[in-house]
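Given next are the chains, with one letter for each unit.
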Amino acid sequence: MSKDYEVVIGLEVHAELKTKSKIFCACSTAFGAEPNTQVCPVCSGFPGMLPVLNEKAVDCAIKTGLALNSEIAEFCKFDRKNYFYPDLPKAYQISQYDLPICKGGYLDIDVEGERTRVGITRAHLEEDAGKLVHQGDITTTPFSLVDLNRSGVPLLEIVSEPDMRSAQQARAYMEKLRSILLFADVSDCKMEEGSLRCDANVSVRPWGEQKLGTRTEIKNLNSFRALERAIEYEAKRQMEALEDGEVIVQETRTWDEGKGVTRSMRSKEEAHDYRYFPEPDLPPLRIDRDWVDTVRKSMPEMPVQAGQRLMDQYGLSQYDADLITQSPQNLKFFDETLALYADAKAVSNWMMGDLTRLLNQNGMEIQDAKVKPALLAEMLRLMADGTISGKMAKTVFEEMFVSGLDPQTIIKEKGLVQISDANSLLPLIDEIINNNPKVLQDYKNGKEKAFGFFIGQIMKATKGQANPEMVNNLLKERLNRE
Amino acid sequence: MALTIKEVEYVAQLARLQLNEDEKQIFAEQLSSILEYVEKLNELPTDGVEPLAHILPVYNVFRADEIRPGTPREEILANAPLVEEGQYKVPKIM
Ligand SMILES: [Zn+2]
């Protein structure tokens, strides 16, 4: 069925900008404070209060725009977006309507070896709303509680063109955008804390059709996995509805992570009419080109350039380069390890394999890990010189991850040293062959299994510490002499 | 430009106002006369005039990114009709 339809996806991403104070007042933006302890009359929507724009928020927006190849507006202004909701104390959100700060742009994603350029429509500055907490059981309670700590935190809303054609592409876009925001140092991008949020516009159309189908907007996507699953579900739902002769209704839907479904959110009669008008309390912005150039000169290396460097210098694949450049901390770990141990492929394999797995299992970020670049480099060195086997290295790595101890200490404590000494292995091999004359006969008769049996016995006798490659070679030599 | 009753109902719905039939009639007339008055502006030639973004010739008014203590919670919540656990208590909206 999906062969007959094409999925079309555009994403609206909200990134909380990394300023110390809010966008229009001096309240703190720190996450996790007691409810309503970082509020003032401005961000609580008291009458007569005047907003004053945080210059750093504008800097962050310019930085992001440059990183996304956007045009930075020479002139832009703020507008009021009017709607009623208890988390919006003024009953309007200060946003940007017809003159956003960033216009156009693009970013490139690579999925399964294929590069796709996703257009950026615009990015604009706005203020975040507060947080609604449902009291008790959400289905029965008649009340909600409102915490305005988040009200007025600066947001950059980044809107993409409907250029994505699969859930995997949408995820890749989101991951690439996150890495760009992290490298530009404009947002913490913590999806679980809500500092990076995403809404997906999804529609389907028969293959070859030029006109876009009716789209739905999916909200509440607070992880990469949720984004991918929700789009897959929604695309399938729409295709099935069309197959059954139904009409897709343009609506907002919410992703139910537990049930794995999207559900319609709003009643039909609610109109989306925000009656935007210019914000009279904020003078417009004139962003002169000197300002843009100053920001451009201060831009750090972006993930695209860093990834290219890894591919050019170390011959890494696009896939590996993307993984290593998913955050500046990741890249720093790679660069520091590589400075001590110059095998890029080995470093990247361990980072993307065991390290990523353990970080995910423990819900940790790479910068918080006890395993440091120096420890990984030392472990790789011990592996390369044959002191430990690949299997032992796994044990050493897990131990380093937990304790942060250096590999030498762990090897000693756990008795993990590999036996790579022919003089101590040969007598053992002799003994095992002599003790198993029947298996030896089997081997001579051409039974391949017999060889594996001997290997198993030797590894068992050495508690797995014998150098597997060496055992293999020595055994072969010894058996050939029989 | 006369506003229809339907348009009045739509604007009332956006403003969360419940109007009875008489009120709808009254507001249709009043709103229409306001719009008519403002429409006088259309008589002015505005070709080549930039849309006005702000009434004062002021641009780029900023504050530095510095934190100042907010308002104590008891004070900020003092006017709220209902408060619980340091938060505004409002009817649930689904
Ligand atoms: Zn405030």
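Here, every reference points to the structure presented above.
So, a negative patch on the surface
A grouping of Asp4(A), Glu243(A), Asp244(A) and Glu246(A) is seen on the molecular surface, where their side chains present a negatively charged patch. Position of Glu243(A) relative to the elements: it lies in helix H3 (residues 224–243).

Focus: the sheet that holds strand S17 (residues 277–278) of chain A
Residues and elements named next belong to chain A. Strands sit in the order S6-S5-S17 across an open sheet of 3 strands; the sheet is antiparallel. The strands lining the two open edges of the sheet, one partner per strand, are strand S6 (92–95) and S17. As judged from the 2 bridges shared by strand S5 (residues 79–82) and S17, these two strands associate in the antiparallel manner. In the sheet register, Arg-80 faces S17, and the bridge partner there is Phe-277.

Focus on the side chain of Lys24(B)
Inspection of the secondary structure puts Lys24(B) in helix H2 (residues 21–39). With residues near it in sequence (within four places) discarded, Lys24(B) still touches Ile5(B), Val8(B), Glu9(B) and Leu19(B).

Describing the nonpolar core
Within soluble globular proteins, side chains that are nonpolar tend to cluster in buried spots. All names here are of chain A. In terms of nonpolar packing, the biggest core is built from 126 residues, with Leu-11, Leu-125, Tyr-173 and Met-379 touching the most fellow members. Per-element accounting of this core gives the leading share, 10 residues, to helix H2 (residues 167–183). When residues of this core are assigned to domains, at least three map to each of domain 1 (5–291) and domain 2 (301–414). Not counting the four nearest positions on each side in its chain, Leu-11 is found in contact with Ile-158, Val-159, Ser-160, Met-164, Ala-170, Tyr-173, Cys-198, Asp-199, Ala-200 and Leu-227.

A word on the pattern of salt bridges
Residues and elements named next belong to chain A. This model, assessed by the stated rule, comprises 40 salt bridges over all chains. With a closest N to O distance of 3.3 Å, Arg-80 and Asp-281 form a salt bridge. Of this pair, Arg-80 sits in strand S5 while Asp-281 sits in the loop between S17 and strand S18 (285–286), and the two are 201 residues apart along the sequence. A relative accessible area of 13% means that Arg-80 is categorised as buried.

Analysis parameters
- Along every chain, residues carry numbers that run from 1 in the direction the sequence is written.
- The lettering of chains begins at A and the numbering of ligands begins at 1, in the order of writing.
- Per-residue local features of the predicted model are confined to residues with pLDDT of at least 70, and side-chain atom pairs are confined, for both listing and counting, to 80 or more; whole-chain, interface and lining totals are unaffected and use all residues.
- Processing note: side-chain calculations cover all non-hydrogen atoms of the structure and skip hydrogens and water entirely.
- Residues forming no salt bridge and having over 30% relative accessible area are the ones grouped into patches, like charges within 9 Å of each other and nonpolar side chains (Val, Leu, Ile, Met, Phe, Trp, Tyr) within 5 Å.
- Areas reported here follow the Shrake-Rupley algorithm with a probe of radius 1.4 Å; residue values treat only the protein chains shown as occluding.
- Salt bridges, as used here, are contacts in which a Lys or Arg side-chain nitrogen is within 4 Å of a carboxyl oxygen on Asp or Glu.
- Charge counting treats Lys and Arg as positive and Asp and Glu as negative, with His and both chain ends excluded.
- The atom standing in for a charge is NZ when the residue is Lys, CZ when it is Arg, CG when it is Asp and CD when it is Glu.
- Numbered from the N terminus, helices here are DSSP runs of H or I no shorter than four residues, and strands are runs of E no shorter than two.
- Being paired, for any two strands, means DSSP has found at least two bridges between them.
- By the convention used here, residues are in contact when the closest approach between their heavy atoms is within 4.5 Å.
- Take the buried Ala, Val, Leu, Ile, Met, Phe, Trp, Tyr and Cys residues and link them wherever side-chain atoms come within 4.5 Å; each set so joined is a nonpolar core.
- For the exposure calls, accessible area comes from a 1.4 Å probe over protein chains only, and a residue counts as buried if that area is under 20% of its type's maximum, exposed if over 50%, partly exposed in between.
- Here the bounds of each domain stem from an automatic or database domain assignment.

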